[in-house]
Each structure stands twice: as structure tokens, then as C-alpha cells.
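Remarks on the overall topology
These are the residues of each chain, in order.
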Amino acid sequence: MNEPMLIELPKIVDPRGNLSFFENLKQIPFEIKRTYWIYDVPGGEMRGSHAFKIQQEFIIALSGSFDVILHDGTREMCFSLNRSYYGLYVPNKVWRKIENFSTNALAFIASDMKYDENDYVRDFEEFLHLQTNQ
Ligand code: TYD
């Protein structure tokens, strides 16, 4: 799977409160090796601004809202996440920024790799170079 994609998750509606979930290789197309979350983002701040060489991710707005801006080397796409029952699949080799965080936004991210700084491409020109030379 090489295209960014919004994935709707199961939603078990219940008068006691709703429940959603995802499992390895079922709702998301990879096996989770790591999860992390971004929170307490001050107004106007941006996270990300990098690509991964190999790593794939799945991003959910568990609370609040934010925009994920993706660039595939040719075009830019904006995905607004604001519900906890769907998320954005982000394949490898896609430049990504997360911005426009609402107050109390909680970005939850599942990844198919352990943290590895060597997998990051943090320079946009280098990213474009990698895209045109693959
Ligand atoms: P980074 O991925 O650059 O943040 P973002 O892309 O969300 O703006 O990570 C910020 C710092 O946190 C960086 O120094 C590495 C560290 N970090 C870990 O140690 N483990 C992790 O799983 C992640 C995602 C980051």
C-alpha cells in the first residue's frame, strides 16, 4: 500500500460510551512495533516536517483536531483529523507535517518500526532528491 489513506475504524456505539479499536494487519496494513503520542501542543506550533525512508504510520486524533499535510514529492495533500474512529495511513517516503492543533489535541501514532533516527529524512530538498532518484 503506497497511497495515504483515511481508514475508518470500527465504532461500537454504546449508551455507556463508544469504543473503537484497530489490530495488526486488520484495520491497518502493518504490524505495530511502537506507539507514541503528541499532546500539550502550544497554539500555532507544528510537529513533524520530515519523511521516513521505510517507516509507515497510522495517525489518529484521539482528542481534539489537527491537520496532517503530506507531500509525495509531486503534490501536497491535507487531511483534517478530528474524530477518534478514523485515522490516516501514511506510507513511507512521504513528507509529513502536523499543524493547526486544537486545544487539548491528542495525536496518537502507531508505527511499524522502533525509533530509528537513521530512518528520518529531515531536509525537504534531500527528500525531493530521493523521490526523483528512486
Ligand atoms: P520527532 O519524531 O522528530 O518529532 P515530531 O516529528 O513529532 O515533531 O521526535 C522528537 C524527539 O523525540 C526526537 O529527539 C526523538 C525523540 N523520539 C523518541 O525518542 N522516540 C520516539 O518514538 C519518537 C517518535 C521520538
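Residues numbered from 1 in each chain as written. Predicted model: local features only at pLDDT ≥ 70, side-chain atom pairs only at ≥ 80, totals over all residues. Heavy atoms only, no water.

1. Some remarks on the sheet that holds strand 1 (residues 5-8)
- Spatial strand order, 1-9-6-11-4: five strands in an open sheet with antiparallel pairing. Pairing within the sheet leaves two strands with one partner each, and these edge strands are strand 1 and strand 4 (34-38). Averaged over neighbouring strand pairs, the angle between their axes works out to 25 degrees when direction is ignored. (Pairing = 2+ DSSP bridges. Helix = DSSP H or I, 4+ residues; strand = E, 2+ residues; numbered from the N terminus. Axes fitted to C-alpha atoms, helices over the stretch in contact; angles between N-to-C directions.)

2. Brief notes about the pairing of strand 5 (residues 47-52)
- As paired strands, strand 5 and strand 10 (residues 95-99) are joined by three bridges and run antiparallel to one another. Residue pairing across strands places G48 opposite K97, the latter belonging to strand 10.
- In this sheet, strand 12 (residues 120-121) lies alongside strand 5 in antiparallel orientation, the contact comprising two bridges. Bridge pairing in strand 12 links A51 to V121.

3. Considerations on the packing of aromatic side chains
- Using the criterion set out here, one finds eleven aromatic pairs in the structure.
- Here the aromatic rings of F30 and Y89 are separated by 6.3 Å at their centres, their planes lie at 40 degrees, and the arrangement is tilted. Note that F30 is positioned in the loop between strand 3 (19-20) and strand 4 and Y89 in strand 9 (residues 86-90), a separation of 59 residues in sequence. No difference in accessibility class separates F30 from Y89, as the two residues are buried.
- Put simply, the rings of F22, W37, F58 and F108 pair up and form one aromatic cluster. (Phe/Tyr/Trp six-rings, centres within 6.5 Å; stacked < 30°, edge-to-face > 60°. Buried < 20%, exposed > 50% of the residue type's maximum accessible area, 1.4 Å probe, protein only.)

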